[in-house]
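Geometric and topological summary
Chain by chain, the residues:
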Amino acid sequence: MTLLKKERPQSSAWKNPTVRGLLFPALVLVAYGILFAIMPDKASVGLKSSANIALSMLLPLGLVFILMLVLNLFLKPAQIVKFFGREAGIKGVILSAAAGIISAGPIYAWYPLLKDLREKGAANTFLAIFLGNRAVKPFLLPIMISYFGWIYVLILTVFTVLGSIVVGYFVGALARVESSLPSRSR
Amino acid sequence: MKIAVSADGADLEASVAQKFGTSEYLLVIDSDSGDFEAIANPGASGQRGAGVQAVVLAISKGVKTVLTGWCSPAVRNQLTANGIEVISELSGTVGELVEKYRKGDLRKQVEAEVAPAAGGRRIDRAALLQAAKSAARQFASLLPILIGVVLLIGLFNAFISEELLASIWSGSPVLDTLWGACFGSILAGNPINSYVIGGELLKYGVSLFAVTAFIITWVTVGLVQLPAEIAALGKKFALVRNAISFVLFTAVAALTVVILNLITG
């Protein structure tokens, strides 16, 4: 019963993600509107430049959609997340990294779950590995490769995964006081 | 045995909620002892991934059966794949349903629901449709901000000169990496936006050191979401994780570019 009272205010503060998501593009459009009124030349240069960027992204974005579909079909985050709090050692590392990589949606949606997992005894190391690996998004690779080339993307991806694991172990060691006893006995 | 019921309220008198993934509460009831726990459903806000969160919650509570008004095929598949039985199309109060379940009255309905699902191929098609739908939702949710970013870069291109940018970025790999990491740590959001911004900055002659540090810290370090991380995982965890991530991922960014330069000459 205590859980619900603590979680309500936080989730309601971040309610209505659609409205929040539309606010930023709406503000940019307002800026364009003002600019077209006072400096139409600059505004049309800006719009043309945006159109060029959008055109260059069409193909990679198509690939992004296909990858999203394929990953949705085969990966089930819930099945992985249920293990990573419990398995120790290398298995825990692999599971928490994999869960971070395939986790979708804004980070705010995941905090309540991570909190719950920690209360169940998930080690800080694995929670930090999960958070770090959210930077690796397989379905976005086409966009990244179109901008930076595949060699760069390969190096950065491998280093991000390895770096997240190192960060995880540091956090596990340094934030140990907060990690409750059950997490060590699991 | 534990039963989870999607509910509109936090007690046994509450009505069963229509949707499992986005109900206000999940009531976890021990059918043997009658004890129950009311948990605010993390997916109640209805944002993307709501169903998955409710599934994980049910799994983590050791639930064996879910009673609900309605449950999407994807969520149902995930629950059953984890050994949780789902009984849907229910209405009434939570207390009444649990009592019916105890007496075995809901069993017949489960058997009737399970029987037609046995024909293999049809499920695959349903799964494909479901995957396409969630891909479309994922895609639609990243588009508004992405469009905003692209339009803003257009404005940026119209007003900012290469000389101005060059005056901000020193050309020193160490300083550029640090600056990039600072910007990436402050800003946050879907990684796709960091790729687009980083890619466009490269065209202006901003160094790859700065851009890489910007991209990698965009997700791994989050000053904007720090209060939420502290609330969920504690001050010490959040501060230590962000501080270590900043230092280590800044170094990782520099190392990535050094190695890339070695490989590509």
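Let me begin by describing the structure that accompanies this report.

**Notes on the pairing of strand β1 (residues 2-7) of chain B**
Residues and elements named next belong to chain B. Most of β1 is tucked away, with 5 of its 6 residues classed as buried. Inspection of the sheet shows β1 paired to strand β2 (residues 25-30) by 6 bridges, in the antiparallel sense. If you follow Ala7 over to β2, its bridge partner there is Tyr25. With 3 bridges connecting them, β1 and strand β4 (residues 65-67) associate as parallel partners. Across the sheet, Ile3 pairs through a bridge with Thr65, a residue of β4.

**Looking at the interface of chain B and chain A**
Contacts between the two partners involve 74 residues from chain B, matched on the other side by 77 residues from chain A. Those elements that provide at least two residues to the side of chain B that touches chain A are β3 (36-40), α1 (50-60), α2 (73-81), α5 (121-159), α8 (191-203), α9 (208-220), α10 (226-233) and α11 (235-264) of chain B. Of the residues forming the side of chain B that touches chain A, the biggest block, 22 residues, is contributed by α5 of chain B. Considering only residue class, the side of chain B that touches chain A consists of 47 nonpolar, 21 polar and 6 charged.

**Re the sheet that holds β3 of chain B**
Residue and element names in this part refer to chain B. Pairing within the open sheet is mixed, and its 5 strands lie in the order β3-β2-β1-β4-β5. The open sheet has two edge strands with one neighbour each: β3 and β5 (85-87). Strand-to-strand twist across the sheet, computed as the mean angle between neighbouring axes with direction ignored, equals 20 degrees. Where β2 and β3 come together, 5 bridges link them in antiparallel fashion. Across the sheet, residue Leu27 finds its bridge partner in β3, namely Ala38.

Cut-offs and rules
Residues numbered from 1 in each chain as written. Chains lettered and ligands numbered in written order. Predicted model: local features only at pLDDT ≥ 70, side-chain atom pairs only at ≥ 80, totals over all residues. Buried ≥ 20, exposed ≤ 12 C-beta atoms within 10 Å, placed from the backbone. Helix = DSSP H or I, 4+ residues; strand = E, 2+ residues; numbered from the N terminus. Pairing = 2+ DSSP bridges. Contact = placed C-beta atoms within 7 Å. Nonpolar A, V, L, I, M, F, W, Y, C, P; charged D, E, K, R; others polar. Axes fitted to C-alpha atoms, helices over the stretch in contact; angles between N-to-C directions.

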